[in-house]
Amino acid sequence: MSEFFNQISRRRFLATTGAAASAVLLKGCLGNPPEPGGAAQASLVEGIKLTPETTPETTSVNLGYIPIVEAAPLIIAKELGFFKRWGMPNVKLSKQASWGSMRDNTEIGSAGGGVDGGQYQMPMPHLITEGLITKNNQKIPMYLLAQLNTQGNGIAIASKHQGKNIGLDLAKGNSKGIFDQLKSNKTPFTAAFTFAKVNQEFWIRYWLAAGGINPDTDVKLIPVPAAQTVANMRTETMDAFSTGDPWPALIAREKIGYLAMLTGQMWKAHPEEYLALRADWVDKHPKATKALLKAVMEAQVWLDNFANRDAAAAILGRRNYFNLTPTFLRDALQGKYDMGEGQKIDDKSMAVLYWKDGRGNVSYPYKSHDLWFITESLRWGFLTPETLGASKTLPEAFTYAKQLIDKVNREDIWKQAAQEALAQGATFTAADIPASTSRGVETFFDGVSFDPENPTAYLQSLKIKKIAV
Ligand code: CA
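Below or above, wherever it landed, is the structure these notes cover. (Residues numbered from 1 in each chain as written. Predicted model: local features only at pLDDT ≥ 70, side-chain atom pairs only at ≥ 80, totals over all residues. Heavy atoms only, no water.)

Take the pairing of strand β4 (residues 142-147) next. Of all the six residues making up β4, six are buried; the element is thus mostly covered by neighbouring parts of the structure. Sheet topology note: the β4/strand β10 (residues 274-278) ladder contains five bridges and is antiparallel. Bridge pairing in β10 links Ala146 to Leu275. (Buried < 20%, exposed > 50% of the residue type's maximum accessible area, 1.4 Å probe, protein only. Helix = DSSP H or I, 4+ residues; strand = E, 2+ residues; numbered from the N terminus. Pairing = 2+ DSSP bridges.)

Quick look at the structure:
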């Protein structure tokens with residue numbers, strides 16, 4: 001699409017959705033009764049009563065984000081005035097060029113021109129806390145405060161592989177033969193993700209291994225900055241790319257590739273990205289932290305209403321955020337995916353979800369999910385019992401992992417914020433606050449299950465892994 005056409009369609013789209021968004025906002029202002037999880041309740045003027053107990057210590061914070069749908073709760077909380085409404089009018093959102101910059105700016109902190117926290121893949125906050133991915137292995141304690149979304153990611157495959165049955169179930173598609181052939185031709189199947197040893201690499205590794213393909217020996221895995229991925233796929237130097245919307249859909253629409261699968265097909269309602277902040281900032285500003293959480297929760301309730309998603313696409317598409325024609329975002333946000341090879345998905349339950357996903361509360365940071373990310377890190381040797389503490393055995397490693405999770409995961413602050421928000425005028429109900437910090441047993445598309453009470457059994461059940469269990 002030409003830049004000129006892009007601009008025209010953007011302007012036209014904003015003109016129409018802008019009106020729709022204002023109508024929605026006006027409706028909220030006229031004092032319609034709250035409909036939790038139902039119709040839009042956004043309001044730019046409705047005030048929240050701040051008492052001395054709930055007045056933030058500061059009105060500003062600097063949050064980093066990456067322009068993918070995971071960042072939507074932060075952008076919507078700012079643009080619809082939710083941060084302001086809960087007492088934080090000076091929240092600054094800083095777009096990051098890459099996940100590496102996000103990590104570096106977290107280490108620098110806002111005092112040094114970096115950020116106080118923001119959006120993270122998992123388990124970045126735990127790895128930063130332990131000094132495992134920071135410069136000079138400096139330990140920067142972080143708190144995980146909320147999950148931003150579940151689902152909304154996928155794996156795109158280069159068009160040259162059309163018709164080869166490379167889909168969700170690689171075993172059924174008999175892909176091992178194709179991958180082996182490429183390997184023997186010295187052009188191994190090359191799959192990319194945007195940052196190593198976090199979500200996107202986990203999704204591609206899980207998918208390959210479930211199909212009988214060893215991600216460490218049968219293919220080549222490389223980190224590639226998101227901005228380069230479309231170009232790399234076009235020049236055919238890359239066979240697959242694992243990332244968040246809108247990138248997989250963009251690749252499909254540009255006909256450079258097709259979608260092999262959505263991560264929601266692989267693991268329904270899977271945990272995705274999180275809001276975390278430096279612990280020093282939270283410890284100094286406990287009330288401001290809760291105000292931020294209340295605004296993010298309100299944005300998540302708003303985003304979860306599909307009637308608001310076209311308006312969300314218009315806001316996210318703005319030049320200072322994603323800089324994309326909203327039509328590229330609209331379909332993915334509505335659960336519409338052109339999978340290529342004539343296959344289409346039109347299923348809202350497969351879209352990115354922000355508040356309710358059929359399994360629990362999306363925003364609540366279940367500790368059982370932190371444990372899965374750490375268990376998966378052990379599976380592939382990203383973490384070893386030794387790097388997870390001084391111990392050498394798996395049971396000791398899990399004991400240490402649980403201590404680390406208890407230190408980093410602050411679901412207690414999330415719960416306090418949610419309870420306070422209920423008393424102050426939240427757009428959700430008490431029933432939305434989970435009773436347990438475990439979401440229970442998780443089941444994947446290949447029948448494998450993860451019981452957070454017994455992560456060793458999960459590792460034992462996996463056929464392809466690096467760790468000896
Ligand atoms: Ca993601």
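On to the packing of helix α2 (residues 72-79) against helix α12 (residues 286-304), then. It is the contact of α2 with α12, at a shortest axis distance of 8 Å, that shows an interaxial angle of 105°. With respect to α12, the axis of α2 lies roughly perpendicular. For the pair formed by α2 and α12, the contact residues are Ala72, Pro73, Leu74, Ile76 and Ala77 on the first element and Ala295, Val296, Ala299, Gln300, Trp302 and Leu303 on the second. Along the lines of polarity and charge, the residues of the contact of α2 with α12 split into ten nonpolar, one polar and no charged. (Axes fitted to C-alpha atoms, helices over the stretch in contact; angles between N-to-C directions. Parallel < 35°, antiparallel > 145°, perpendicular 65-115°, else oblique. Contact = heavy atoms within 4.5 Å. Nonpolar A, V, L, I, M, F, W, Y, C, P; charged D, E, K, R; others polar.)

The calcium ion binds to the protein through Glu70 (OE), Asn153 (OD1), Gln200 (OE1), Glu272 (OE) and Glu273 (OE); the donor distances cover 2.2 to 3.0 Å. Every donor residue of the calcium ion comes from the same chain, spaced as E-x82-N-x46-Q-x71-E-E. One end of the pair, Asn153, is in strand β5 (residues 153-158); the other, Glu272, is in the loop between α10 (263-266) and β10, and 119 residues separate them in sequence. With respect to burial, Asn153 and Glu272 carry one shared label: buried. (Donors = N, O, S within 2.8 Å, 3.2 Å for Na, K, Ca; no water.)

Below, the discussion takes up the sheet that holds strand β1 (residues 60-65). Strand order in the open sheet formed by five strands is β2-β1-β3-β10-β4, and the pairing between neighbours is mixed. Of all strands in the sheet, those bounded by a partner on one side alone are β2 (90-95) and β4. Strand-to-strand, the axes of this sheet are offset by a mean angle of 25°, without reference to chain direction. Here strand β3 (residues 117-120) pairs with β10 via four bridges, running antiparallel. Each residue of the ladder has a partner; that of Gln119, found in β10, is Leu275.

For the structure on display, the rule yields 24 salt bridges. With a closest N to O distance of 3.7 Å, Lys135 and Asp104 form a salt bridge. Of the two residues, Lys135 is situated in the loop between α5 (124-129) and β4 and Asp104 in helix α4 (residues 99-108); the sequence distance between them amounts to 31 residues. A salt bridge links Lys367 to Asp406; the shortest N-O distance between them is 2.9 Å. Of the two residues, Lys367 sits in helix α15 (residues 367-379) while Asp406 sits in helix α16 (residues 394-408), which places them 39 residues apart along the sequence. Several salt bridges converge on common partners, so that one network encompasses Lys176, Asp180, Lys183 and Asp218. (Salt bridge = Lys/Arg side-chain N within 4 Å of Asp/Glu carboxyl O.)

On to the sheet that holds strand β7 (residues 220-223). Pairing within the open sheet is mixed, and its five strands lie in the order β7-β6-β8-β5-β9. Each edge of the open sheet carries a strand with a single partner, namely β7 and β9 (257-262). Ignoring which end each strand starts from, the neighbouring axes of this sheet average 25° apart. Contacting β5, β6 (190-193), β7, β8 (240-244) and β9, helix α7 (residues 199-210) runs over the sheet at an angle of about 130° to β8. Sheet contacts for helix α8 (residues 226-234): β5 and β8; angle to β8, the most-contacted strand, approximately 150°.

Taken as a whole and assessed by the stated rule, the structure comprises 19 aromatic pairs. Taken together through their ring pairs, the aromatic side chains of Phe202, Trp203, Tyr206, Trp267, Trp372, Phe373, Phe382, Phe444, Phe450 and Tyr458 make up a single cluster. Taking NZ or CZ as reference, Arg205 lies 4.9 Å from the ring centre of Trp380, over its face. Lying over the aromatic face of Tyr143, Arg410 brings its terminal NZ or CZ to 4.7 Å of the ring centre. (Phe/Tyr/Trp six-rings, centres within 6.5 Å; stacked < 30°, edge-to-face > 60°. Lys NZ or Arg CZ within 6 Å of the ring centre and 35° of its normal.)

Okay, α4 next. The complete set of buried residues in α4 reads Trp99, Gly100, Met102, Asn105, Thr106 and Glu107. The secondary structure elements touched by the buried residues of α4 are β1, β3, α5, β4 and β10. Count one or two residues on from α4 and you reach Gly109, which has phi positive near 80°.

With respect to the secondary-structure elements, Thr194 resides in the loop between β6 and α7. Judged by its relative accessible area of 13%, Thr194 falls in the buried class. For Thr194, the residues in contact, after removing those within four places along its chain, are Trp99, Gln121, Val224, Ala226, Phe241, Ser242 and Thr243.

A general feature of soluble globular proteins is that nonpolar side chains tend to end up buried together. Core analysis: the largest hydrophobic core is formed by 66 residues, its most contacted members being Ile157, Phe189, Ile204, Trp207, Leu208, Trp372 and Tyr458. Each residue touching Tyr458, except ones within four places of it in the same chain, is listed here: Tyr206, Trp372, Thr375, Glu376, Arg379, Phe444, Val448, Ser449 and Phe450. Membership of the second largest hydrophobic core comes to 63 residues, among which are Tyr65, Tyr143, Phe328 and Ile413. (Core = buried A, V, L, I, M, F, W, Y, C linked by side-chain atoms within 4.5 Å.)

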